[in-house]
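The primary structure of each chain is shown beneath.
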Amino acid sequence: MPTRRGALAALPALLAAPALAQAPWPAARAIEVFVPFPAGGGVDTMVRGILAQVAPRLPGARFVVTNRPGAGGQLGFEANFNAAPDGYTLGAATNTAMNAISVERTPRYRPAEFTYIANVVDDPAAFWVHPDSPWKDLADLAAAARAQPEAFGVGTAGVGSDDHILQLTFEEASGARLIHIPYNGTAPTLRDLLGGRLPIGSFNMGEGVTLLREGRIRCLGQAGPRRWEAAADIPTFREQGFDILGGSARGIAGPPGIPLPIRDALREAFRGALADPAFVAEAARLNLPLRPLIGEDYAAMMAADLDSLRRLWARRPWKD
């Protein structure tokens, strides 16, 4: 069996072979895109939405989405990273999950070595409360949590999630101490928040904005660098005096070593799709806060996030 290096070295010859000349990339076969989470979630929705716009920009391209959940996303990230670097395998990448796993343990991937194609979404993290909550803003929450340390629970989608990281960074910035209550995803967090059994929910703006509009929950603050236009009346953490950024960036990456012509064709196809008014309108309908970043800009954002998580881990590891 050829090694990864041997297969990569042979790629220029293979791409020029007569057999492939009749069916040039990407028409030779379908491009498989791994989603490291179950179907129907935010990452899955992002992937299927953007691929519908990318395919027409790669004549002959066919995409097949494969959901490969498990170990908090680790199995899907590993499947992507260890695939042949021929342009026929890509995968969804998420900043906090992918990077946090590599900080906590040693998976079979290295975040810095992925071939980053395009970031699509950056869904701000946020703190949410029941409409009957006495807290009107983050200052109210901080004051209450300082007065009664570890008296108030924060529901998140799990240990090491961007929801959990938001809690930890808020505690550092405010001097408050809260109780972490990890759930198996956002749906049960919402259930208990709506039922009045959970004081604080930590989840993304895109996940809560519909209930916010219906008046069924309130948002104390969103942790993006600026207010998401779909929730423009909700102030950011920074606007309220807490220097915190957090959220779930979701994009597309491939295994290390994708040949430059293929890599660049993919990047340009995603660049065009992300600028397409039809996709921008569809993203708004799906409550997807867009943050288009292509190639090296995307890689730089992921590297900065990884560095931030490493520094947080050194101060306050989030797993025993």
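Here the structure is shown first, and the text comes after it.
Note that this is a predicted model, so its numbers are computed, not measured. (Residues numbered from 1 in each chain as written. Predicted model: local features only at pLDDT ≥ 70, side-chain atom pairs only at ≥ 80, totals over all residues. Heavy atoms only, no water.)

A. The arrangement of the overall build of the chain in detail. For the chain, the helix and strand inventory stands at 12 helices and 10 strands. The C-alpha radius of gyration computed for the chain amounts to 21 Å, which stays within 12% of the reference 20 Å derived for 320 residues, consistent with globular compactness. Referenced to the eigenvectors of the C-alpha coordinate spread, the extents of the chain come out at roughly 75 × 40 × 30 Å. Residue burial in the chain is summarised as follows: out of 320 residues, 52% are buried. When the accessible area of the chain is evaluated, it comes to approximately 14000 Å², of which 55% is carbon and sulfur surface. The centroid of the 32 positive side-chain charges in the chain is displaced by 4 Å from the centroid of its 32 negative side-chain charges. (Helix = DSSP H or I, 4+ residues; strand = E, 2+ residues; numbered from the N terminus. Rg over C-alpha atoms; globule rule 2.2 N^0.38 Å. Buried < 20%, exposed > 50% of the residue type's maximum accessible area, 1.4 Å probe, protein only. Areas by Shrake-Rupley, 256 points an atom, 1.4 Å probe, with all protein chains shown as cover. Lys, Arg positive; Asp, Glu negative; His and termini not counted. Charge placed at Lys NZ, Arg CZ, Asp CG, Glu CD.)

B. Region of interest: the packing of aromatic side chains. Applying the stated criterion across every chain yields a total of 13 aromatic pairs. Ring centres 5.0 Å apart and planes at 75° place the aromatic pair tyrosine 116 and tyrosine 298 in the edge-to-face group. Of the two residues, tyrosine 116 sits in strand S4 (residues 115–129) while tyrosine 298 sits in helix H12 (residues 296–315), which places them 182 residues apart along the sequence. With 6.2 Å between their ring centres and 90° between their planes, phenylalanine 170 and phenylalanine 237 make a pair best called edge-to-face. Here phenylalanine 170 is found in helix H7 (residues 162–174), whereas its partner phenylalanine 237 is found in the loop between strand S8 (218–222) and strand S9 (247–254), with 67 residues between them in sequence. (Phe/Tyr/Trp six-rings, centres within 6.5 Å; stacked < 30°, edge-to-face > 60°.)

C. Up close: helix H10 (residues 260–275). The end-to-end C-alpha separation of H10 is 22 Å, in line with the 22 Å expected for 16 residues at 1.5 Å each. Those residues of H10 lying buried are Ile262, Arg263, Leu266, Arg267, Ala269, Phe270, Ala273 and Leu274. Each buried residue of H10 sits inside an arc of 165° when the element is viewed along its axis, so together they form one side. Structural note: H10 exposes Leu260, Pro261 and Ala275 on the side pointing more than 90 degrees away from its buried face. (Expected span 1.5 Å × (residues − 1). Arc of directions from axis to C-beta.)

D. Main features of H12. When the terminal C-alpha atoms of H12 are compared, their 29 Å separation across 20 residues agrees well with the 28 Å that a helix rising 1.5 Å per residue should span. When we look at burial in H12, the residues that qualify are Tyr298, Met301, Met302, Asp305, Leu306, Leu309 and Leu312. Across the axial projection of H12, the buried residues extend over an arc of 135°, all falling on one side. Exposed residues on H12 whose side chains face more than 90 degrees from its buried face are Glu296, Asp297 and Ala314.

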